[in-house]
Amino acid sequence: MKLNKPFLLDNGLEVMINPARGLHSIGVAVGLDYGALNEPLKYSGDASVLQGVLYELDPTFRDRLAAEGIQDGTDIDYQVSTFWFKAPRQKITEACKLFTELLSQKKITENALESEKQDKIQSNLRRSDNPMYAALISLDRIMFKGSRAAIPTAGENSAIERITTSHLEKILRRAYAPDSMVLSIYGSVGFESAFRAVTNTFSALEGKSSVRKMDYEIPVPAPSSVSVKRPGVTQTNLAMGFRFNKTRSMDEEGIADWKTIDSISVLLDDRLFNELRNKRGLIYFCKSQPSSEGYFSSFYIYGGTQPKNLPEVKDLILKEIQKIKDGEFTREDLRRARRELKIRRETDLDNTEKEASELAYLRLTQGDQVFDEADPEGRIDMDRLRKVGGMFDPDKNYFASIEPK
Amino acid sequence: MKLDELPKLSNGMRFMIISAPYLHSVGVSVGVKYGSVYEPERINGSAHAAEHMLFQGTERRSAQDLEKFKNRHNLEWNAFTAPETVTYMIGAPRDSAEAAVDILSDMVQNSAIDAKLLENEKGAIVNEIMMRADNPLAMLYDTIPAVLFEGQKAAVSGAGKKETVLALARDEMFDVYCKNYTPANMVLSIYGGISKKRATELADRYFGGFQRPYTEPSLPDSIGPSKSKTIEIEKEGLNTTHAAIAFAIPGSRRILADNPRDIVALEVMSGYLSKKLHDEVRAQTGGSDPGISFYPNGTFGIFSIFLDCGSKKFERTNALVLSELEKLINGDINIDINADKVKNAAVLYFNTNQMELDHALTMAVEGAADQAVHSVTLRDFEGVVNEINNDQLHAAAQKYLKLGRAAQVIVRPPK
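Each residue is numbered by its place in its chain's sequence as written, counting from 1. Chain letters and ligand numbers both follow the written order, the letters beginning at A and the numbers at 1. Reporting in this predicted model follows two pLDDT cut-offs: at least 70 for local features of residues, and 80 or more for side-chain atom pairs to be given and counted; totals over whole chains, interfaces and linings ignore these cut-offs and use all residues. Side-chain metrics rest on all non-hydrogen atoms present in the structure, leaving aside hydrogens and water.

Outline the overall build of chain B, listing residues and values.
Only DSSP runs of H or I reaching four residues or more are called helices, and only runs of E reaching two or more are called strands; each is numbered from the N terminus. The secondary structure content of chain B amounts to 15 helices and 10 strands. Considering only contacts within chain B whose residues lie at least 6 apart along the sequence, 83% involve residues at least 24 apart. Surface accessibility in these figures is a Shrake-Rupley result with a 1.4 Å probe; residues are shielded only by whichever protein chains are displayed. In the form shown here, chain B has an accessible surface area of approximately 15,500 Å², with 49% of it arising from carbon and sulfur atoms. A contact between two residues is defined here by any heavy atoms of the two lying within 4.5 Å.

How would you explain the overall build of chain A if you had to name every residue and give the values?
Each helix and strand counted, chain A has 13 helices and 11 strands in total. Scaling as 2.2 N^0.38, a compact globule of 405 residues should have a C-alpha radius of gyration of about 22 Å, and chain A matches this with 22 Å. Seen through its C-alpha atoms, chain A measures out along the principal axes to roughly 60 × 45 × 40 Å. Here the term buried applies to any residue with accessible area under 20% of the maximum for its type, exposed to any over 50%, and partly exposed to those in between, with areas from a 1.4 Å probe on protein chains only. Out of the 405 residues belonging to chain A, those deemed buried represent 61%. For chain A, the computed accessible surface area is about 15,700 Å², with 48% contributed by carbon and sulfur atoms. Atoms considered for the radius of gyration are the C-alpha atoms alone. The globule rule reads 2.2 Å times the number of residues to the power 0.38.

Go over the interface of chain A and chain B with me, naming the residues and quoting the values.
Listed per partner, the contact involves 60 residues of chain A and 59 residues of chain B. Defined in terms of a 1.4 Å probe, buried area is the accessible area two parts forfeit on being brought together, summed over both. Taken over both partners, the interface formed by chain A and chain B buries close to 5,000 Å², and the fraction arising from carbon and sulfur atoms is 47%. Every case where a carboxyl oxygen of Asp or Glu lies within 4 Å of a side-chain nitrogen of Lys or Arg is listed as a salt bridge. Joining chain A to chain B, the criterion identifies 5 salt bridges. Pairs of N or O atoms are called polar contacts if they sit within 3.5 Å, as long as, within protein, a hydrogen donor faces a hydrogen acceptor (for residues adjacent in sequence, only side-chain-to-side-chain pairs). At the surface where chain A touches chain B, the tally comes to 34 residue pairs in polar contact (both at pLDDT 80 or more). Those elements giving two or more residues to the side of chain A that touches chain B turn out to be helix 2 (61-67), strand 5 (81-88), helix 4 (110-128), helix 9 (252-278), strand 9 (283-292), strand 10 (296-305) and helix 11 (331-348) of chain A. For the side of chain A that touches chain B, the element with the highest residue contribution is helix 4 of chain A, accounting for 9 residues. Residues that form the side of chain A that touches chain B fall into these classes: 17 nonpolar, 23 polar and 20 charged. Throughout, the ten residues Ala, Val, Leu, Ile, Met, Phe, Trp, Tyr, Cys and Pro are labelled nonpolar, Asp, Glu, Lys and Arg are labelled charged, and all others, Gly among them, are labelled polar.

Can you tell me about the pairing of strand 3 (residues 76-81) of chain B, naming the residues and giving the values?
Residues and elements named next belong to chain B. When DSSP finds at least two bridges between two strands, those strands are taken to pair. Pairing geometry for strand 3 and strand 4 (residues 86-93), over 6 bridges, is antiparallel. Bridging across to strand 4, T81 finds its partner in V86. Hairpin connection between strand 3 and strand 4: a loop of 4 residues separates the two successive antiparallel strands.

So what about the pattern of salt bridges? Which residues, and what values?
Counted by the stated rule, this structure contains 50 salt bridges over all chains. With its nearest N and O atoms 3.8 Å apart, the salt bridge here joins K107 of chain A to E169 of chain A. One end of the pair, K107 of chain A, is in the loop between helix 3 (92-104) and helix 4; the other, E169 of chain A, is in helix 7 (residues 165-175), with 62 residues separating them in the sequence. Take K107 of chain A: its relative accessible area is 62%, and that puts it in the exposed class. Using a relative accessible area of 13% as the deciding quantity, one classes E169 of chain A as buried. Residue E67 of chain B is joined to K70 of chain B by a salt bridge in which the shortest nitrogen-to-oxygen separation is 3.8 Å. Of this pair, E67 of chain B and K70 of chain B both sit in helix 2 (residues 63-72), 3 residues apart, roughly one helical turn. Look at the salt bridges and you will find they share partners, linking E56, E116, D119 and K120 of chain A together with R282 of chain B into a network.

Give a description of unusual backbone geometry that names residues and reports values.
Residue and element names in this part refer to chain B. Of note in this structure, N74 is not a glycine but carries a positive phi near 50°. Looking at the element boundaries, N74 is found in the loop between helix 2 and strand 3. When its relative accessible area of 3% is taken as the criterion, N74 is described as buried. At I113, a position not held by glycine, the phi torsion is positive, near 45°.

Could you give me a rundown of the nonpolar core, with the residues and numbers involved?
Across soluble globular proteins, nonpolar side chains have a tendency to be buried as a group. We define the nonpolar core as a collection of buried residues of types Ala, Val, Leu, Ile, Met, Phe, Trp, Tyr and Cys that are connected through side-chain atoms lying within 4.5 Å of one another. Counting residues in each nonpolar core, the largest one holds 77 residues, and the members touching the most others are Y88, V108, Y181, L188, I190 and F207 of chain B. Considering every element that reaches this core, the biggest residue donor is helix 3 (residues 97-110) of chain B, with 8 residues. If you look at the next biggest cluster of nonpolar residues, it comprises 51 residues, including V30, V49, L103 and I185 of chain A.

Lay out the side chain of T153 of chain A with the relevant residues and their values.
Note on placement: T153 of chain A falls in the loop between helix 5 (131-143) and helix 6 (157-162). If sequence neighbours within four positions are ignored, T153 of chain A has contacts with A36, E39, G45, S48, I76, D77, Y78 and R148 of chain A.

Give a description of the packing of aromatic side chains that names residues and reports values.
Stacked, tilted and edge-to-face are the three classes assigned to paired rings of Phe, Tyr and Trp, where Trp is represented by its six-membered ring and a pair needs centres within 6.5 Å; plane angles under 30 degrees give stacked, over 60 edge-to-face, the rest tilted. Here the structure, examined in full by the defined rule, presents 19 aromatic pairs over all chains. Here F242 of chain A and F392 of chain A contribute two aromatic rings whose centre-to-centre distance is 6.0 Å and whose plane-to-plane angle is 55°, an arrangement assigned as tilted. With F242 of chain A in strand 8 (residues 236-245) and F392 of chain A in the loop between helix 13 (382-389) and strand 11 (398-404), this pair connects stretches of sequence that are 150 residues apart. As far as burial versus exposure is concerned, F242 of chain A and F392 of chain A are alike and both buried. Of the residues examined, F392 of chain A reaches a relative accessible area of 0% and is grouped as buried. Aromatic ring contacts, followed pair by pair, group F55, W77, Y88, F174, Y177 and Y181 of chain B into a single cluster.

Mind laying out the sheet that holds strand 6 (residues 181-187) of chain A, listing which residues take part and the relevant values?
Residue and element names in this part refer to chain A. Overall, mixed pairing links the 6 strands, which are arranged 1-2-6-3-5-4 in an open sheet. Sheet topology places strand 1 (7-8) and strand 4 (71-76) at the edges, where each strand pairs with a single neighbour. In this sheet, strand 6 lies alongside strand 3 (residues 25-32) in antiparallel orientation, the contact comprising 7 bridges. Residue pairing for strand 6: G27 is matched across the bridge by Y186. Axes here mean lines fitted to C-alpha atoms, for a helix over just the part in contact, with angles spanning 0 to 180 degrees between N-to-C directions. Packing against the sheet, helix 3 makes contact with strand 3, strand 5 and strand 6, and its axis sits at approximately 155° to strand 5.

Account for the environment of F299 of chain A, naming residues and giving values.
Residue and element names in this part refer to chain A. By the element assignment, F299 lies in strand 10. Sequence separation between F299 and G241 is 58 residues, and the spatial gap between their C-alpha atoms is 5.5 Å. Not counting chain neighbours up to four residues away, the residues in contact with F299 comprise M240, G241, F242, F244, I261, S265, L268, S288, Q289, P290 and F392.

Pulling in residues and values, what's your account of the packing of helix 9 of chain A against helix 2 of chain B?
Contact geometry for helix 9 of chain A and helix 2 of chain B: axes closest at 12 Å, N-to-C directions at 165°. Regarding the angle of helix 9 of chain A to helix 2 of chain B, the classification is roughly antiparallel. Crossing angle aside, the handedness with which helix 9 of chain A passes helix 2 of chain B is right-handed. In this structure, helix 9 of chain A uses D270, F273, N274 and N278 of chain A to contact helix 2 of chain B, whose residues at the interface are A63, Q64, E67, K70 and N71 of chain B. Residues that form the contact of helix 9 of chain A with helix 2 of chain B fall into these classes: 2 nonpolar, 4 polar and 3 charged. Here is the rule for angles: anything less than 35 degrees is roughly parallel, anything more than 145 is roughly antiparallel, 65 through 115 is roughly perpendicular, and the remaining ranges are oblique. By definition, turning the near helix anticlockwise from the far helix through less than a right angle yields a left-handed crossing, and turning it clockwise yields a right-handed one.

Help me get a handle on the sheet that holds strand 5 (residues 186-192) of chain B, residues and values and all.
All names here are of chain B. The sheet built from 5 strands is open, its strands ordered 1-5-2-4-3 with mixed pairing. Of all strands in the sheet, those with a lone pairing partner are strand 1 (14-19) and strand 3, marking the two edges. For this sheet the average axis-to-axis angle between neighbouring strands, irrespective of direction, equals 10°. In the packing of helix 8 (residues 196-207) onto the sheet, the strands contacted are strand 1, strand 2 (25-32) and strand 5, and the crossing angle to strand 1 comes to about 150°.

Give a detailed account of a positive patch on the surface, specifying residues and quantitative values.
Residue and element names in this part refer to chain A. Residues K42, R162, K170, R173 and R174 make up a contiguous surface patch of positive charge. If you tally residues by element for the positive patch, the top one is helix 7, at 3 residues. Relative to the assigned elements, R162 resides in helix 6. Residues enter patches when their relative accessible area tops 30% and they take part in no salt bridge; the joining distance is 9 Å for like charges and 5 Å for the nonpolar side chains Val, Leu, Ile, Met, Phe, Trp and Tyr. Positive charge is attributed to Lys and Arg, negative charge to Asp and Glu, and no charge count is given to His or to the chain ends. In plain terms, the charge of a residue is placed at NZ if it is Lys, CZ if Arg, CG if Asp and CD if Glu.

Right, dumping it as structure tokens:
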């Protein structure tokens, strides 16, 4: 998709409007330059708590969204906080108005904060009872030891307890300013209509950002493993990880390398499914997940198996990683991966809120590169596949498991 | 549109096609009316095992060939087993629509159910079953029907028990497959970036020649709650309490298809309770929001309220939820104030479904699953939403949400 160039409002808000005819909805998303890495460790989770609190300050807000048929959601990662609305196509003005109202709030109330904190704390407890999630959290703790990235974006419960209204109000003043935000509108709306709706609403946002630019250098600890024995479980949940520090720079080469890691994930999933499930029935599922946070990136493989199968499963995964390191790719692999990534990208275009959010996120993390994506998969070739594959080293894996006690 | 109104191929197989040519993808789905409620107890898990085995090769293609075909055409596939149906789904880029119809037709018509591969696959199935038992939220979902429908067909595990799955024999599995994977017992759904003409051609080409006789299995006319029951499961290693209150909705979709106001009323109640409990629980206990789930099957449904409140606040939150339910049942709610919100919640639900037209695969799956169990899709009820009034809401609450017959399941850390 050829993207329209963004424009700036007088208050510094950058706006991307990309009409897509035929769809049934409009995605409206705002990304802002404040993520989990910006959080002081003693207040980890503040970005996520703040997103939730903003919805709780006015008890009528959710009703009014519902009355307009607008769905909403938030995403948080280590760099960026994102809010999105999905609205019926005739509701662009109402969506922009409500969005502006949400982001204009400056005063946090004790009641709203306390209930949101309890919600987040409970959510963390609930998730930690899921052994698969627990395995991934354990993996992050060793893979990013000594940095904020070792802790989930949702934060730690002890830190969430410490968050105060004044702390969140400080973030609102420093980070929730139009000049640190990107507004992205995508879907079934004309450019002129969207432009009018935006200028009539988002222009009211005020403030200047003063978020301290972080040094995102995340140390790479020595490979290690951890096994947690948990009562009440019968299966072993495993998570393996690899670190690629500073793999993803914001230039053309860095982005092409990252897309190549995505393509390796596609191929590895095929191979793991075939080797572990189809041929041997060792595992119900085993998936890989690349994770890029701009200034550091990582690669996860996770699944669950019967305890007796763990050594064989681990060995087979490492053998597949060795093949990737050795550059065992065919022309058919390359074709399969490129086409798969292209299809995923095109299919995402049918999902308005997802595409709007993604564009806001990419604009914040990739800058002008987001506009230069005519054929992003075309940059993946055999040489790059082998070069990037060479970064995987089975001897440098991090490994965590939750096992029966 | 009711099942009987769907168009049929020459072999009697029903199909539904919705063309949305602007979409980049096509969803192709087949719903089969054979889930765990149809299984004799001895072969509990056979529907689920059949679901797995359809991906393990056909008379024309080995498992590896299927996988290669899927990858060559960049298809995505999945399947799920529900109490009354198994649904298979293939997502495809629009230029691979024919490949999607081709491979799915091969799987449902020509599965080999190879004995050796069945033994192999049992390992993955048991792993899946046990992983669900390890996860307290999944455990909660699986325990609710067991408590709510104790002693009835709907109580059995959809995925199957480890012991019965391990004992499944190839011939039994093949028999299950041949008896139930028949044109008269399946619905094909194609949705998304494909013209109606092209989709009809593909449906006819790949499914029209399929012939296999079918005898409908016997099933109780209605499935209802046995009695009110609370079950507490102490599970080691947990950090918090996971709990739910659930109500059986007997005869949900099949019967309610003739009385759409009831099913809309339940959807409206779901929206109302979701908002009301969010506000009340946060205000009165400072705790986190309960979640509402209304899951209608063909012959029975489950209306559940999940209490994500934690161990310390469980008693207070539970009491609050019961109190709000009583108010709803007794008609003791501020109807004048909430009426518009309640209606809007339902309207939103239908609008949302409308907007989800963007997701070809989801829609194809919903179509196949809904239609396969003699029901109508919820979107067909849109006109009813604006007619529903508070008297009907109260009547439906009294009819279906009987506190004296509710099941409560609590999965908690040891005291």
